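Here are the chains, one letter per residue:
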Amino acid sequence: MDAEWAMTGLIMVPLAAAIVVYVTATRFVAAWGVAVAMLQTGLTFSLTRSILQSGPVQVPLGGWEAPLGIPLYADGISALMLIMTTLVGVTSTCYAAAYFSSLQRDPRRSSSQPSIQTFWPLWLILWSALNALFLSADVFNLYVTLELITISAVALIGLAGKAQALVAAIRYLFAALMGSLFYLLGVALLYSTYGTVSWHLLAETVQPDVLTWCAASLMIIGLLLKTALFPLHFWLPAAHANAPAPVSGLLSGLVLKASFFVILRLWFYVFHPVMPASAGWMLSVLGSAAILWGSIQAIRQQRVKLMIAYSTVAQVGYLFLVFGLACEPMGMLAWRGAAYLAFAHASAKAAAFMVAGSLMYMVGSDHLDRWEGIGRREPKLIFTLALAGVSLMGLPPSAGFIAKWLLLNAAIGHGRWEVAAVIVLGGLLAAVYVFRIIGVSLSSAVPMPEVAPVPRMMRWAPLVLAMAVIVGGIVTTEPIRLLEIGAPPIAAREVAP
Amino acid sequence: MTIHQWLPLLVIASSLIPGSIIFFLGEQQIKLRTALNLAGAVVKILLVAFMLWGVSINQDYQVRYGLVEGLDFALHADALSLLFVSLAAVLWLLTTIYAIGYLEDSPHRRRFFGFFSLCVTATTGLALASNLLTFLIFYEMLTLTTYPLVIHRGTPESLRAGRLYLLFALTGGAILLLAVVWLQTLVGPVEFSATGSLAQTDPALYGSLRLIFAMLIVGFGVKAALVPLHVWLPQAMVAPAPVSALLHAVAVVKAGAFGIVRIVYDVYGAEFCRQLGVMIPLALVAAVTILYGSLRAVYQEDLKRRLAFSTISQVSYIVLGTAIAGPLATTGGIVHLVHQGVMKITLFFAAGNLAETLGVKKVDQMRGSGRRMPVTMAAFTIAALGMIGIPPTAGFVSKWYLGIGAAQADQWWVIGVLVASSVLNAIYFLPLIYAAWFASPPDAWPDERPRGWFETSPALLFPPLITAVLTLLLGVLAGLPISALDWAKLIVLQEYAP
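### Comments concerning the overall build of chain A
And step 1. On a plain count of helices and strands, chain A comes out with 21 helices and two strands.
And step 2. Over its C-alpha trace chain A gives a radius of gyration of 21 Å, about what one expects of a compact globule, namely 23 Å for 497 residues.
And step 3. Classification of the 497 residues of chain A by burial places 65% in the buried group.
And step 4. A sequence separation of at least 24 residues applies to 81% of the contacts in chain A between residues at least 6 apart.
And step 5. As displayed, chain A offers around 16700 Å² of accessible surface, 70% of which is attributable to carbon and sulfur atoms.

If you want it as structure tokens, here you go:
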């Protein structure tokens, strides 16, 4: 009962708040956001506790069982994704509240900037859709939530109002819609063949035939486009880098994880028996290419937000290593590693984007040249960036280290030295771009730069998030135990003796 | 949790907590910051002293905390870790005092002292680590926390040095990570244990174990500045003097050497290493490093750079003693861990005093400095004589044990290396000592500070004085049961236990 309320609340609370905020056009819109954030924290906590105590929860919404009703389902990985969403969501909410109220107070900026009234309903809808996606128990529901996420994400990018951002948003829209079409086609094929959209029922009935294989390929290709796996990442850097400061972190941290989560669900819970191992390896190879390409591109950028965006391309690559590594004896390690990395990357990347947003707000630009010596003026922000960077590089103590250790262990355990080499090399390349920013910012070659004042919350929110990443490298027993609850049967069966 | 589990954590917390608080203090809250620093350092020494006493009556201090299955964060105070922790604790207090004097009125002291404390935290952590994973965690932490110290001045030159340092340290760390994970997939989680734990491994894996050994040595060798991985060290001399002092005496360079000692004795085991045939190559690398470092030191005109090359050479004595592997040579190597630290920190303190008080940075500017700064130069002289290995200093004790250890192991060429290195040490140190005391001072020093009560400010003067006295005491009192030598013998007794 508890869990049912929590799951319904996680979806309905932000949705209701979005409608209220939009309809009433209240002046205290940020207060609504913060209230939602507090409620979400409590609900996530309660649901996680319930899952830890009594395992996966399935809830028929309104009492209607599948195939008629819309069931919700939560297991360990959904809980971890919800924790991730809440963590990034709450800090982003606080950050956005400070950011927009500061914009409003500043007459020079407000004219060119988006109205605060548009951000909140969009973000609350996005939040609701993310939660709904992580709790979905059928593939059509996943489609609906993916669409909601895409539409609100595109609108959020467009909020920046500049030509660059609009172009990027449109390009993202087309890519994401294309992805959705592929996915929907796959869903239609599955439904026509098996007569159900519940992924639990599908998992029991899928046959290794051509039709299923086609459906699976269509769905996964569509989702790869949304997750921006190399070489389908073309839309990502511009979209994430040109979004408004509080939005970039949400896009890189959460929106990408949504479509990745769907791939995980489909691959490990539904299609695993019918997918050939070579398909998994292909995803791993693309992942490896993404790590190298994304990192090298990040190193070559002159704009910090673009750098961080390309870093996302690389980090998404790490997530896809799991598909090649989970087919063999050490699969469980890779599974945990990838899921934990999704969490680690979301927090670290959102923190990095928030820092970049704050500094860009202060300096007026995110060109690296303009940031020379900024660390002497704003040590806390640069320190935050460094903490987030520790996780991106996969160095201890951080959640990113634990995740990469698990992936590395799986890779070496399978004798996949090329994957191990890419994992390690990716960390080193990440160090190049992270320390490039930090080095420039600590330079004393120029006089201390003059900057615009920034609200205190725009310093503290990213720091809290970055600290969470570090804590995630120390307190790991609970999240990893969470991941074992409802872990996919295939990976569990193939744990090394 | 009992006090026996808390104690190792408290030793680490005694620098972690002050360090973390310092970041949140204001730049101008100097008194509070200084009080925190000193309180942390004193508490750490007291805790370590208590732990030394406990271990000497066979008390077991350890704590274990599971991260993921097969991954344990584990600390354990064994004899070897206590040797290193004691060194770190004592030298941290002295360096902190020194740094407070040295950085008076310079900008960004909050950042400096924050990372300084974190750097010591990482060092104590890796000293107390009781398995490879924990060691690795603190080893990487050390890289990250020393970077801001190396680039503290923020000049293009120091940023360049910082980049070079990261390039070497992070690449070394990556190789180390690969090796540790590989080793773990072969033999399971690796705990440190006296006499090592790999001897029972399936002979089919010997090839892999050799390769892993090489990777581990490369990973640690980067920080221990084994030739040709030493390139970053002389460049890192752009850091402020207290940083160089700590880097060379306890933190970075010593961490690498300590790692090699751990690998050889507590992971592989000396006997098993010999069986694998990896000891001779390691000894050769160490010998080359010793000679190369000394040789390059002779040609350095910059005082700090000369000391840096001297460090490269001296730290490899530890590696050499480890690689010769006989009880006596091991004693020599392990005791040098302490002796080199005390002597080298004295030299760096003295060099810092010369630069700070007189503006003397080059070797040829040192003429007559003994008359202007007698106490500093006396300390310098004692430490330099110790480096050469002249009795009754601490350096003599190390070299003596290394020498008879080599003889015991029938490795006579090692004695040749030791003699050659000592001669080179004499060549690059004695002229300095001579010039300092017997040449007449110049009319004006390059950049002299006004003279106060003492030859320089007390915070700069007393630390080198204390370490110089320690250098003498460690040599003269080496036979007493409380000396570093005695403790090293205890460690060796455990390592070579049947």
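### A short note on the overall build of chain B
And step 1. Helix and strand counts for chain B stand at 20 helices and two strands.
And step 2. Taken against the 2.2 N^0.38 rule, which gives 23 Å for 498 residues, the C-alpha radius of gyration of chain B at 21 Å falls within 12% of a compact globule.
And step 3. A sequence separation of at least 24 residues applies to 80% of the contacts in chain B between residues at least 6 apart.

### Some points on the packing of helix α13 (residues 304-325) of chain A against helix α18 (residues 417-441) of chain A
Residue and element names in this part refer to chain A.
And step 1. Running from N to C, α13 and α18 cross one another at 165 degrees; their axes reach a closest spacing of 11 Å. Classified by the angle between their axes, α13 and α18 sit roughly antiparallel to one another. For α13 against α18, the interelement crossing comes out left-handed. Residue-level contacts link Val304, Met307, Ser311, Gln315, Tyr318, Leu321 and Leu325 of α13 to Val419, Val422, Ile423, Gly426, Gly427, Tyr433, Arg436 and Ile437 of α18.

### Regarding the interface of chain B and chain A
And step 1. Contact residues are listed per partner, giving 36 residues for chain B and 38 residues for chain A.
And step 2. Inspection of the region where chain B meets chain A yields zero salt bridges.
And step 3. At the junction of chain B and chain A, the tally comes to six residue pairs in polar contact (both at pLDDT 80 or more).
And step 4. Of all elements in the fold, only α1 (3-24), β1 (62-68), α4 (109-128), α5 (132-150) and α6 (156-187) of chain B reach the threshold of two or more residues within the side of chain B that touches chain A.
And step 5. When residues of the side of chain B that touches chain A are assigned to their parent elements, the largest contribution, 13 residues, is made by α6 of chain B.
And step 6. Its residues placed into classes, the side of chain B that touches chain A shows 24 nonpolar, seven polar and five charged.

### Some details on the environment of Val363 of chain A
Residue and element names in this part refer to chain A.
And step 1. Along the chain, the position of Val363 falls in helix α14 (residues 331-363).
And step 2. Take Val363: its relative accessible area is 14%, and that puts it in the buried class.
And step 3. For the pair Val363 and Ala452, spaced 89 residues apart in the sequence, the C-alpha separation amounts to 6.7 Å.
And step 4. Apart from the residues within four sequence positions on either side, Val363 is in contact with Arg370, Trp371, Ile374 and Val451.

### Notes on the side chain of Thr212 of chain A
All names here are of chain A.
And step 1. You can see Thr212 is positioned in helix α9 (residues 210-227).
And step 2. A residue is classified by how much of its surface remains accessible, and Thr212, at 2% relative accessible area, is buried.
And step 3. Residue contacts for Thr212: discarding those within four places in its chain leaves Tyr194, Val206, Gln207, Phe271 and Val274.

### Structural notes on a nonpolar patch on the surface
All names here are of chain B.
And step 1. On the surface, a cluster of nonpolar side chains totalling about 1200 Å² of accessible area is made up of Trp453, Phe454, Phe462, Leu465, Ile466, Val469, Leu472, Leu473, Val476, Leu477, Leu480 and Ile482.
And step 2. Mapped onto the elements, Ile482 comes out in the loop between α19 (458-476) and α20 (484-495).
And step 3. For Ile482, a relative accessible area of 77% gives the class exposed.

### A few points about the pairing of strand β2 (residues 71-74) of chain A
All names here are of chain A.
And step 1. Alternating residues of β2 divide into Pro71 and Tyr73 and Leu72 and Ala74, and every residue in both groups is buried.
And step 2. Pairing geometry for strand β1 (residues 57-60) and β2, over four bridges, is antiparallel. Looking across to β2, one finds that Val57 is bridged to Ala74.

### Describing the packing of aromatic side chains
And step 1. Tallied over the full model, the rule gives 48 aromatic pairs over all chains.
And step 2. Relative to Phe320 of chain A, the ring of Phe260 of chain A lies with its centre 5.4 Å away and its plane at 75 degrees, an arrangement referred to as edge-to-face. Here Phe260 of chain A, found in helix α11 (residues 245-271), pairs with Phe320 of chain A, found in helix α13; they are 60 residues apart in sequence, far enough to count as distant. Like Phe320 of chain A, Phe260 of chain A is buried.
And step 3. Summarising the aromatic geometry, the rings of Phe396 of chain B and Trp400 of chain B are spaced 6.0 Å apart at their centres and angled 35 degrees between planes, so their arrangement reads as tilted.

### Some remarks on the pattern of salt bridges
Residues and elements named next belong to chain A.
And step 1. On inspection of all chains with the given rule, the structure shows 17 salt bridges over all chains.
And step 2. Between Arg481 and Glu478 there is a salt bridge whose closest N-O contact spans 3.7 Å. Here the residue Arg481 and the residue Glu478 both occupy positions in helix α20 (residues 477-484), the gap between them amounting to three residues, near one helical turn.
And step 3. Exposure remark for Arg481: the relative accessible area of 40% places this residue in the partly exposed category.

### A few points about the confidence of the model for chain A
And step 1. Confidence along chain A averages 89 in pLDDT terms, with 94% of residues attaining 70 or more.
And step 2. Counting contacts from residues 491-497 of chain A, a segment whose pLDDT is below 50, to residues more than four positions away or on other chains yields 13 contacts.

### Details of the side chain of Asp366 of chain A
Residue and element names in this part refer to chain A.
And step 1. By the element assignment, Asp366 lies in the loop between α14 and α15 (374-377).
And step 2. By relative accessible area, which is 3% here, Asp366 ends up buried.
And step 3. A polar contact is formed between the side chain of Asp366 and the backbone nitrogen of Lys305, at a distance of 3.1 Å.
And step 4. Other than its neighbours up to four places away in sequence, Asp366 contacts Gln302, Arg303, Val304, Lys305, Leu306, Met360 and Trp371.

### Some thoughts on helix α2 (residues 29-54) of chain A
Because each turn of an α-helix spans 3.6 residues, side chains separated by three or four positions in sequence point in the same direction.
Residues and elements named next belong to chain A.
And step 1. Over its 26 residues, α2 runs 37 Å from end to end, which matches the ideal 38 Å to within 8%, given 1.5 Å per residue.
And step 2. Looking at the buried positions of α2, the neighbouring elements they touch are α1 (2-24), β1, β2, α3 (76-105), α5 (116-134) and α20.
And step 3. Just downstream of α2, Gly55 is the residue with a positive phi angle, here 80 degrees.

### Structural notes on the packing of helix α13 (residues 303-324) of chain B against helix α17 (residues 394-408) of chain B
Residue and element names in this part refer to chain B.
And step 1. For the pair α13 and α17, the least separation of the axes is 10 Å and the interaxial angle reads 30 degrees. In this view, α13 runs roughly parallel relative to α17, as classed from their interaxial angle. With respect to the hand of their crossing, α13 and α17 are arranged in left-handed fashion. Along its contact with α13, which presents Tyr317, Gly321 and Ile324, the element α17 presents Lys399, Leu402, Gly405 and Ala406.
And step 2. Among the residues making up the contact of α13 with α17, the classes are represented as four nonpolar, two polar and one charged.

### Considerations on the environment of Ala356 of chain A
Residue and element names in this part refer to chain A.
And step 1. Relative to the assigned elements, Ala356 resides in helix α14.
And step 2. Residues Ala356 and Ser248, spaced 108 residues apart in sequence, show a C-alpha to C-alpha distance of 9.7 Å.
And step 3. With sequence-adjacent residues up to four places away left out, Ala356 is seen in contact with Val304, Lys305, Ile308 and Trp371.

### Examining the environment of Val253 of chain B
All names here are of chain B.
And step 1. Positionally, Val253 belongs in helix α10 (residues 252-268).
And step 2. Each C-alpha atom, one on Val253 and one on Leu164, is 15 Å from the other, the two residues being 89 residues apart in sequence.
And step 3. When residues no more than four places from it in sequence are discounted, the contact partners of Val253 are Lys223, Ala224, Trp232, Leu233, Leu247, His248, Thr311 and Val315.

### Observations concerning unusual backbone geometry
And step 1. Cis geometry marks the peptide bond from Pro396 of chain A to Pro397 of chain A, where omega comes out at -10 degrees.
And step 2. As for its position among the elements, Pro397 of chain A is in the loop between α16 (379-393) and α17 (399-413).
And step 3. Omega for the peptide link from Pro391 of chain B to Pro392 of chain B comes to 5 degrees, which places this bond in the cis form.
And step 4. Among the secondary structure elements, Pro392 of chain B is positioned in the loop between α16 (374-388) and α17.
And step 5. Even without being a glycine, Asp105 of chain B presents a positive backbone phi close to 70 degrees.
And step 6. Residue position: Asp105 of chain B is located in the loop between α3 (79-102) and α4.
And step 7. Accessibility expressed as a relative area gives 70% for Asp105 of chain B, which makes it exposed.
And step 8. Positive phi is not limited to glycine here, since Thr195 of chain B has a value of about 75 degrees.

Criteria and cut-off values
- Residues numbered from 1 in each chain as written.
- Chains lettered and ligands numbered in written order.
- Predicted model: local features only at pLDDT ≥ 70, side-chain atom pairs only at ≥ 80, totals over all residues.
- Heavy atoms only, no water.
- Helix = DSSP H or I, 4+ residues; strand = E, 2+ residues; numbered from the N terminus.
- Rg over C-alpha atoms; globule rule 2.2 N^0.38 Å.
- Buried < 20%, exposed > 50% of the residue type's maximum accessible area, 1.4 Å probe, protein only.
- Contact = heavy atoms within 4.5 Å.
- Areas by Shrake-Rupley, 256 points an atom, 1.4 Å probe, with all protein chains shown as cover.
- Axes fitted to C-alpha atoms, helices over the stretch in contact; angles between N-to-C directions.
- Parallel < 35°, antiparallel > 145°, perpendicular 65-115°, else oblique.
- Left-handed = near helix turned anticlockwise from the far one by under 90°.
- Salt bridge = Lys/Arg side-chain N within 4 Å of Asp/Glu carboxyl O.
- Polar contact = N/O pair within 3.5 Å; in protein donor to acceptor, adjacent residues only side chain to side chain.
- Nonpolar A, V, L, I, M, F, W, Y, C, P; charged D, E, K, R; others polar.
- Patch = residues over 30% accessible without salt bridge, like charges linked within 9 Å, V, L, I, M, F, W, Y side chains within 5 Å.
- Pairing = 2+ DSSP bridges.
- Phe/Tyr/Trp six-rings, centres within 6.5 Å; stacked < 30°, edge-to-face > 60°.
- pLDDT = per-residue confidence, 0-100.
- Expected span 1.5 Å × (residues − 1).

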